[in-house]
Amino acid sequence: MSTSTTPTGFHESAPAPGRATRGAARRELVAGLLQRQGAALVFAAVMAVAWITFPGFGTAGNLRTLALQSSFLAVIALGMTLVIISGGIDLSVGSVYALGGVLAAYGSRWGFFGALLLPLAVCGLIGLINGLLVARAAMAPFIATLATLLFARGLLLAITGEGATTYKIDSDQVFLEIGRGVLFGIGYPVYITLALFVAGGLLLRRTGFGHALFATGGSESSAVLMGLPVARTKIIVYVLSGLLAGFSGAMTAAYLQSGVTVIGVGTELDAIAAVVIGGTLLTGGAGTLIGTLFGVLLRNVIQNIINQIGTLDGNFQSVVSGAFLLVVVVVQRTLSHGRR
């Protein structure tokens, strides 16, 4: 350690080298933790308050319902997370979700595989169109997915005669188990959603595709210079987004035993909000699937609390979600600047 001699003759120690660096590293670590796991911390706090305040909130039946209702949006938000990490956005998922439900009910006349494969094929094709428009035609994701949003909703209306026809799924269909099956008191959609999130987490963290995805969203030009398959990566994430939205619609159709034409309106905004609340940056290049899952749960817990209160209008949930999303975006921006 270096010393300097003061006018009085005493030796004064200089600050230890690296102390400022270590402090900055700690601050960056805390900021990164809050950015990635903030939704989980807020979720735990809100759950604790709700559990103490409302006697009916912590019942097994209410928690099972909360998990089941969250699973359908969580599957859509999983695909949205991948798209946003890549630096894009997918506005078509709400309409694709509704279209998937209608196609599943329509295809159920050909049995289990007809009900499952028809929505996956059509919705996956819409995702492929999105990917090609964004990656190959260099269209802005907002414009490309807005166009397919209108296309998917128009196709839904054409199939159902402007919404006048609701296709039903026969009660003896095995396909209904996807949405209505129960194991240990918990619905099959919850298990399916958890399995998809585990697979998605492995895809992101343990494969070359995941590394290419983060690099593409962080800096596309740098990813190109590194020789990464940027265009292919973008196409894949949009296909996955379409497949997951269509599959969620199929699960919903199995749960409702019909292809409901009025669902999905605004679902894309709910999915984006859950992803951002979960810590994924809208600018791309950073995000976690576990954060998205907690973002979905937090959104539905807020809705559940409003229902428990009973005196508040259901639309108040949109006010709370919007305000909460605004706070999260501001905090994320602040943390990002702090880390830089």
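Please refer to the structure higher up on the page.
Bear in mind that the values here come from a model prediction, so they are computed numbers and not experimental data. (Residues numbered from 1 in each chain as written. Predicted model: local features only at pLDDT ≥ 70, side-chain atom pairs only at ≥ 80, totals over all residues. Heavy atoms only, no water.)

Draft legend 1. Quick peek at the overall build of the chain. In terms of helices and strands, the chain carries 13 helices and 4 strands. Expressed as a percentage of its 340 residues, the buried residues of the chain come to 46%. Carbon and sulfur atoms form 68% of the exposed surface of the chain, whose accessible area is close to 16500 Å². (Helix = DSSP H or I, 4+ residues; strand = E, 2+ residues; numbered from the N terminus. Buried < 20%, exposed > 50% of the residue type's maximum accessible area, 1.4 Å probe, protein only. Areas by Shrake-Rupley, 256 points an atom, 1.4 Å probe, with all protein chains shown as cover.)

Draft legend 2. Structural context of the pattern of salt bridges. This model, assessed by the stated rule, comprises 2 salt bridges. Between Lys234 and Glu220 there is a salt bridge; the shortest N-O distance is 2.8 Å. With Lys234 in helix H10 (residues 230–256) and Glu220 in helix H9 (residues 220–225), this residue pair connects regions lying 14 residues apart in the sequence. For Arg299, the salt bridge goes to Asp270, with nearest N and O atoms at 3.2 Å. Of the two residues, Arg299 sits in helix H12 (residues 289–309) while Asp270 sits in helix H11 (residues 267–277), which places them 29 residues apart along the sequence. (Salt bridge = Lys/Arg side-chain N within 4 Å of Asp/Glu carboxyl O.)

Draft legend 3. View of unusual backbone geometry. Even without a glycine there, the phi angle at Ala138 is positive, about 60°. You can call Ala138 exposed: its relative accessible area is 65%. Phi is positive for Gln257, close to 65°, though the residue is something other than glycine. Tracing the chain through its elements places Gln257 in the loop between H10 and H11. Its relative accessible area of 21% is what places Gln257 among the partly exposed residues.

Draft legend 4. Region of interest: the nonpolar core. Residues Met80, Phe175, Leu204, Leu213 and Val237 are the most contacted members of the largest nonpolar core, which totals 61 residues. Counting residues per element, this core draws most heavily on helix H2 (residues 60–85), which supplies 13 residues. Setting aside chain neighbours within four positions, we find Leu204 in contact with Leu82, Ile85, Gly210, His211, Leu213, Phe214 and Leu289. Formed by 13 residues, the second largest nonpolar core is a distinct cluster that contains Ala39, Met47, Leu298 and Val301. (Core = buried A, V, L, I, M, F, W, Y, C linked by side-chain atoms within 4.5 Å. Contact = heavy atoms within 4.5 Å.)

Draft legend 5. Quick peek at the packing of aromatic side chains. Counting across every chain of the model gives 6 aromatic pairs. Ring geometry for Tyr106 and Trp110: centres 5.8 Å apart, planes at 80°, overall edge-to-face. Given the relative accessible area of 56%, Trp110 is considered exposed. Put simply, the rings of Tyr106, Trp110 and Tyr167 pair up and form one aromatic cluster. Across from the ring centre of Tyr106, 4.0 Å away, lies the NZ or CZ of Arg109, which sits over that ring. Directly above the ring of Trp110 sits Arg109, whose terminal nitrogen or CZ lies 5.8 Å from the centroid. (Phe/Tyr/Trp six-rings, centres within 6.5 Å; stacked < 30°, edge-to-face > 60°. Lys NZ or Arg CZ within 6 Å of the ring centre and 35° of its normal.)

Draft legend 6. Region of interest: H10. Between its first and last C-alpha, H10 extends 39 Å over 27 residues, near the 39 Å set by a 1.5 Å rise per residue. A large share of H10 lies buried, amounting to 20 of its 27 residues. Just downstream of H10 lies Gln257, where phi reads positive at about 65°. (Expected span 1.5 Å × (residues − 1).)

Draft legend 7. The side chain of Asn62, seen in detail. Here Asn62 lies in helix H2. We classify Asn62 as buried; its relative accessible area is 14%. Here the side chain of Asn62 touches Asn304 through a polar contact of 3.0 Å, side chain to side chain. Setting aside residues no more than four positions away along its own chain, Asn62 makes contact with Gly56, Phe57, Asn304 and Gln308. (Polar contact = N/O pair within 3.5 Å; in protein donor to acceptor, adjacent residues only side chain to side chain.)

Draft legend 8. Region of interest: the environment of Leu78. Relative to the helices and strands, Leu78 resides in helix H2. It is 9.2 Å that separates the C-alpha atoms of Leu78 and Leu240, two residues lying 162 residues apart in sequence. Each residue touching Leu78, except ones within four places of it in the same chain, is listed here: Leu196, Phe197, Leu244 and Leu289.

Draft legend 9. Looking closely at the side chain of Asn304. Counting through the fold element by element, Asn304 comes out in helix H12. On the basis of relative accessible area, Asn304 is assigned to the buried category, the value being 8%.

Draft legend 10. Examining H12 more closely. Taking 1.5 Å of rise per residue, 21 residues should cover 30 Å, and H12 covers 30 Å from first to last C-alpha, within 8% of that figure. The N-cap of H12, judged by a side-chain oxygen 3.2 Å from the amide nitrogen of Gly291 a few residues on, is Thr288.

Draft legend 11. Expanded view of the layout of surface pockets. Empty space within the largest pocket amounts to approximately 540 Å³. In terms of lining, the largest pocket is formed by 20 residues, of which the most central are Gln69, Phe72, Leu73, Arg299 and Asn300. Those elements that provide at least two residues to the lining of the largest pocket are H2, H10, H11 and H12. Its residues assigned to classes, the lining of the largest pocket comprises 10 nonpolar, 8 polar and 2 charged. (1 Å grid on protein atoms, 1.4 Å probe; cavity = no way out; pocket = protein on both sides within 12 Å on 5 of 7 lines; lining within 4 Å. Points joined across faces, edges and corners; volume = space filled by probe spheres on them. Nonpolar A, V, L, I, M, F, W, Y, C, P; charged D, E, K, R; others polar.)

These figures capture arrangement, not role.
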